[in-house]
Amino acid sequence: MKKHQIGLIGCGMISRSHIPAISMLENAELAAVCDVIAAKAEAAAQAARCRSFTDARSMLQAMPEIDVCLIATPTYTHAELVELCAEFGKAVLCEKPIAMTASQAARVRDVVAKSGIRYMTAMVVRFWSGYVILKEMMDAGVFGEIRMSYFSRCSQAQRWDNDWLYDPILGGGAMYDMLVHDVDFMNSLFGPAKNVYALASRDETNCYQNVFASIEYKGGARGVAETSFTMREGYPFSMYAKVMGSKATAEFSYQAGYSINDRQGACCSLKIWKDGQDPICMEPEQYNAYAKEIAYFLDCVDRGKRPEAVTLENSIEVMHVINAIEASAKLGQVIELDRFDGRL
Ligand SMILES: NC(=O)c1ccc[n+]([C@@H]2O[C@H](COP(=O)([O-])OP(=O)(O)OC[C@H]3O[C@@H](n4cnc5c(N)ncnc54)[C@H](O)[C@@H]3O)[C@@H](O)[C@H]2O)c1
């Protein structure tokens, strides 16, 4: 079995989910970590017992044995880091969002295509147990015709040395960081979106931190995606999905502790109702979805297969929809996606 040598770029909050996830995999080893802040790189390297660097290029030059890079840096840095990894021929798993605009995402696609590397945007919700079941139900036609759907992801603002996240250009706040998960998942269920309308409010950061976005899909499905970074202190990270079809209704709910890393005391349920049948109520297995996501990507690398779970076209489409949701919030208008030119 090939043991992949992983180079982790960015040792911030989400790296604390990736490092233990990598350690759960038999076919992966964290070879090195890198962060522009030396103290963060060193602390992560000490915990993971690997080498540390303060610059991704130096890491890739010094350690040719690295075959896979995991990019976990602020969103505005993703595109240039994918390009760097492509220059060294490394497979790349890059945190979401791929970039801040659909056109930047398209440039990443072109870089990936030209270099021939394996690439996937890390959309962990696609690997999260309750969502996986909803997708399987959708693909099996269990829901029938989709009448309406509702997805939600709410949290208190998560602040550390991450000012970039609350900069409208660099991180975009909740509309870019959180809504992207649900829009991507909705796209995976319902196909190409037709139009969007958003009711959203900004806070003192000037980012849209509270959003209700309605999306109409070309195939006829409709849904509302809600997100917020303005829940008050103590509100547990929460995600929710309800799909209302002509043949079944399903409701998934997950509430963690203080943050997504605090899975102690998390409660999770999936309920399914179908006419003439007793309701089904289950607690989806709470495995480590980050480990599943990384394992899936490594399997694609081993097989020489392009990751189909999340394609680059999906990553471009999701940013097109998010950029349109933001434009709708700014203009107070319905935005038709086929006529939308890009981020305002
Ligand atoms: N999938 C998820 O559940 C999830 C959750 C949170 C964040 N994210 C995504 O992960 C990414 C990182 O988020 P975070 O919360 O960990 O941010 P963070 O600010 O906590 O950490 C980012 C780290 O990257 C470092 N960095 C910046 N530029 C760098 C560069 N060029 N090279 C090396 N290191 C660099 C910073 O010093 C910082 O330590 C974002 O894109 C975010 O949207 C995903």
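The shown structure was predicted, so the numbers you read here are calculated from the model rather than taken from an experiment. (Residues numbered from 1 in each chain as written. Predicted model: local features only at pLDDT ≥ 70, side-chain atom pairs only at ≥ 80, totals over all residues. Heavy atoms only, no water.)

(A) View of the pairing of strand E13 (residues 267-273). Relative to E13, strand E12 (residues 249-255) runs antiparallel, the two being bridged by 7 bridges. Bridge pairing links Tyr254 to Cys268 in E13. Pairing geometry for E13 and strand E14 (residues 280-282), over 3 bridges, is antiparallel. For Ile272, the partnering residue across the bridge sits in E14 and is Ile280. Counting the residues in the hairpin turn of E13 and E14 gives 6 residues, including Gly276, whose phi is positive at 75 degrees. (Pairing = 2+ DSSP bridges. Helix = DSSP H or I, 4+ residues; strand = E, 2+ residues; numbered from the N terminus.)

(B) Layout of the site of the ligand. Looking at the ligand, there are 26 residues lining it, with Asp35, Lys40, Trp160, Asp177 and Tyr290 nearest. One of the backbone nitrogen or oxygen atoms of Thr73 is found 3.3 Å away from an oxygen atom of the ligand. Between the ligand and the protein, one listed contact pairs an oxygen atom with a side-chain N or O atom of His78 at 3.2 Å. Alone, the ligand offers 840 Å² of accessible surface; in the complex the protein occludes 91% of this. Considered class by class, the residues forming the shell around the ligand number 14 nonpolar, 7 polar and 5 charged. Of the residues that make up the shell around the ligand, three or more belong to each of domain 1 (4-123 + 291-307) and domain 2 (126-286 + 320-339). (Near = heavy atom within 4 Å. Polar contact = N/O pair within 3.5 Å; in protein donor to acceptor, adjacent residues only side chain to side chain. Areas by Shrake-Rupley, 256 points an atom, 1.4 Å probe, with all protein chains shown as cover. Nonpolar A, V, L, I, M, F, W, Y, C, P; charged D, E, K, R; others polar. Domains from an automatic or database assignment.)

(C) How the structure looks around the packing of helix H1 (residues 15-23) against helix H9 (residues 289-303). With their axes 8 Å apart at the nearest point, H1 and H9 run at an angle of 65 degrees to one another. Crossing hand, H1 versus H9: right-handed. Here H1 contributes Ser17, His18, Ala21 and Ile22 to the contact with H9, which in turn contributes Tyr290, Ala291, Glu293 and Ile294. Class assignment for the residues of the contact of H1 with H9 results in 5 nonpolar, 2 polar and 1 charged. (Axes fitted to C-alpha atoms, helices over the stretch in contact; angles between N-to-C directions. Left-handed = near helix turned anticlockwise from the far one by under 90°. Contact = heavy atoms within 4.5 Å.)

(D) Up close: the domain arrangement of the protein chain. Examined at the domain level, the protein chain breaks down into domain 1 (4-123 + 291-307) and domain 2 (126-286 + 320-339). For domain 1 and domain 2, the distance between their C-alpha centres works out to 26 Å. In this assembly, 17 residues from domain 1 lie in contact with 19 residues from domain 2. When the two sides are added together, the surface that domain 1 and domain 2 hide from each other amounts to roughly 1700 Å², 63% of it contributed by carbon and sulfur. Sorting the residues of domain 1 by area buried against domain 2 places Met13, Met100 and Met123 first, and these three jointly supply 41% of that buried surface. Here domain 1 and domain 2 share 2 salt bridges between them. Between Asp177 and Lys96 there is a salt bridge, and its shortest N-O distance comes to 3.3 Å. Counting the contacts that link domain 1 with domain 2 gives 5 residue pairs in polar contact (both at pLDDT 80 or more). For the side of domain 1 that touches domain 2, the leading source of residues is H9, giving 3 residues. When the residues that make up the side of domain 1 that touches domain 2 are grouped by side-chain class, the tally is 10 nonpolar, 3 polar and 4 charged. (Buried area = accessible area lost by both parts, 1.4 Å probe. Salt bridge = Lys/Arg side-chain N within 4 Å of Asp/Glu carboxyl O.)

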